[in-house]
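So you can see what is in the structure, the chains are spelled out below.
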Amino acid sequence: MRGRQLRRAAICLLAVAAAAPVTACASGQEAVERPTATHDDGQRADPDVERLAAEKAALDAYSGYLEASRTASGRSDPRAPELSRFIADPLLTRVQLSIRDAKEHGAMRTGTLKSDPTVTAVSLDTKPATVEIQDCLDTTGYQLVYAKNKRVVPGSGGGKHISTATATRYPDGRWLISSGALHREQPC
């Protein structure tokens, strides 16, 4: 029973730590066009500049999310402050619960993730604004191990799979990763 629970926790933690949003995968660069915005001083803002700034901020948040998740998982610390710097709910709660579940079963994550994300959609007119990200996430070097002896948890192996994420711009201007999913059925 304990082994089955740990494998389930491993799969969940892998999906969350390697993850991104539960959005459909897209290919290529798709941007939602936005009418030219105006600033308070009446000057028109360049929509391309806004889109590029949103893409950069979202990719920075995604990179921070992966690193914060990896670090917190390696320390078995579901309350690590760096998590909330890059992740928002509902994903934040999923990540914290996965780390806690692995910790309760005597497991932790070690190793590195390899990531090569791309922006698939930008929606600056929606409230809140969002950016969709797709990644070929390589988790072959990122393993769930027993904390006591560092042996790999059976059934927790990684691979290269499509991962998707949604970055959301919050009222304070921060871009945070709010949802994510690892698509195990879609190798890359």
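These numbers were taken from a predicted model, which means no experiment stands behind them. (Residues numbered from 1 in each chain as written. Predicted model: local features only at pLDDT ≥ 70, side-chain atom pairs only at ≥ 80, totals over all residues. Heavy atoms only, no water.)

1. So, the nonpolar core
Moving on, step 1. Ranked by internal contacts, the top residues of the largest apolar core, which has 29 residues, are Tyr-62, Tyr-65, Leu-83, Ile-87, Val-131, Trp-175 and Ile-177.
Moving on, step 2. Elements with a contribution of two residues or more to this core: α2 (47–74), α3 (81–86), α4 (91–104), β2 (118–123), β3 (130–138), β5 (160–169) and β6 (175–187).
Moving on, step 3. Among the elements that make up this core, the one with the highest residue count is α2 (eight residues). (Core = buried A, V, L, I, M, F, W, Y, C linked by side-chain atoms within 4.5 Å. Buried < 20%, exposed > 50% of the residue type's maximum accessible area, 1.4 Å probe, protein only. Helix = DSSP H or I, 4+ residues; strand = E, 2+ residues; numbered from the N terminus.)

2. Side note on α2
Think of an α-helix as 3.6 residues a turn; residues three or four steps apart then line up on the same face.
Moving on, step 1. In a regular helix each residue adds 1.5 Å, so 28 residues correspond to 40 Å; α2 covers 40 Å between its end C-alpha atoms and thus fits that length.
Moving on, step 2. Two to three positions downstream of the cap, the backbone nitrogen of Asp-48 sits 2.9 Å from a side-chain oxygen, assigning the N-cap of α2 to Asp-46.
Moving on, step 3. Phi for Ser-76, located one or two positions after α2, is positive at around 55 degrees. (Expected span 1.5 Å × (residues − 1). Polar contact = N/O pair within 3.5 Å; in protein donor to acceptor, adjacent residues only side chain to side chain.)

3. A closer look at the sheet that holds β2
Moving on, step 1. Spatially, the four strands line up as an open sheet ordered β2-β3-β5-β6, and their pairing is antiparallel. The sheet terminates laterally at β2 and β6, the two strands that pair on one side only. On average, adjacent strands in this sheet sit at an angle of 20 degrees to one another, irrespective of strand direction.
Moving on, step 2. Relative to β6, β5 is paired through nine bridges, and the arrangement is antiparallel. (Pairing = 2+ DSSP bridges. Axes fitted to C-alpha atoms, helices over the stretch in contact; angles between N-to-C directions.)

4. Quick notes on the pattern of salt bridges
It is possible for side chains bearing opposite charge to pair when their charged atoms get close.
Moving on, step 1. Considering all chains together, one arrives at eight salt bridges under this definition.
Moving on, step 2. Among the salt bridges present, the one from Lys-56 reaches Asp-60, with a minimum N-O distance of 2.8 Å. Taken together, the residues span about one helical turn, with Lys-56 and Asp-60 both in helix α2 at a distance of four residues.
Moving on, step 3. Among the salt bridges present, the one from Arg-75 reaches Asp-77, with a minimum N-O distance of 3.7 Å.
Moving on, step 4. A relative accessible area of 45% means that Arg-75 is categorised as partly exposed.
Moving on, step 5. Residue Asp-77 is classed as partly exposed on the basis of its relative accessible area of 24%. (Salt bridge = Lys/Arg side-chain N within 4 Å of Asp/Glu carboxyl O.)

5. Observations concerning the packing of aromatic side chains
Moving on, step 1. According to the stated counting rule, one finds one aromatic pair in the structure shown.
Moving on, step 2. Plain terms: the ring middles of Tyr-62 and Tyr-65 are 5.9 Å apart, the flat faces sit at 55 degrees to each other, and that makes the pair tilted. A residue pair is termed a helical-turn pair when its members lie 3 or 4 positions apart in one helix, as Tyr-62 and Tyr-65 do in helix α2 at three residues.
Moving on, step 3. Judged by its relative accessible area of 1%, Tyr-62 falls in the buried class. (Phe/Tyr/Trp six-rings, centres within 6.5 Å; stacked < 30°, edge-to-face > 60°.)

6. Observations concerning the side chain of Thr-168
Moving on, step 1. By the secondary structure assignment, Thr-168 is in strand β5.
Moving on, step 2. Other than its neighbours up to four places away in sequence, Thr-168 contacts Pro-128, Ala-129, Thr-130, Arg-174, Trp-175, Leu-176 and Ser-178. (Contact = heavy atoms within 4.5 Å.)

7. Regarding unusual backbone geometry
Moving on, step 1. In this structure, Pro-90 follows Asp-89 across a cis peptide bond, with omega equal to 10 degrees.
Moving on, step 2. Structurally, Pro-90 can be placed in the loop between α3 and α4.
Moving on, step 3. Cis geometry is adopted by the peptide bond preceding Pro-128, which originates at Lys-127 and carries an omega value of 0 degrees.
Moving on, step 4. Structurally, Pro-128 is set in the loop between β2 and β3.
Moving on, step 5. Despite not being glycine, Lys-150 has its phi angle at roughly 65 degrees, a positive value.

8. Some thoughts on α4
Moving on, step 1. Taking 1.5 Å per residue, 14 residues should reach 20 Å; α4 reaches 20 Å between its end C-alpha atoms and fits that length.
Moving on, step 2. Along α4, the residues classified as buried are Leu-91, Leu-92, Val-95, Gln-96, Ser-98, Ile-99 and Ala-102. The buried residues of α4 occupy an angular sector of 160 degrees when projected down its axis, which confines them to one face.
Moving on, step 3. Just beyond α4, the residue with positive phi is Gly-106, at close to 75 degrees. (Arc of directions from axis to C-beta.)

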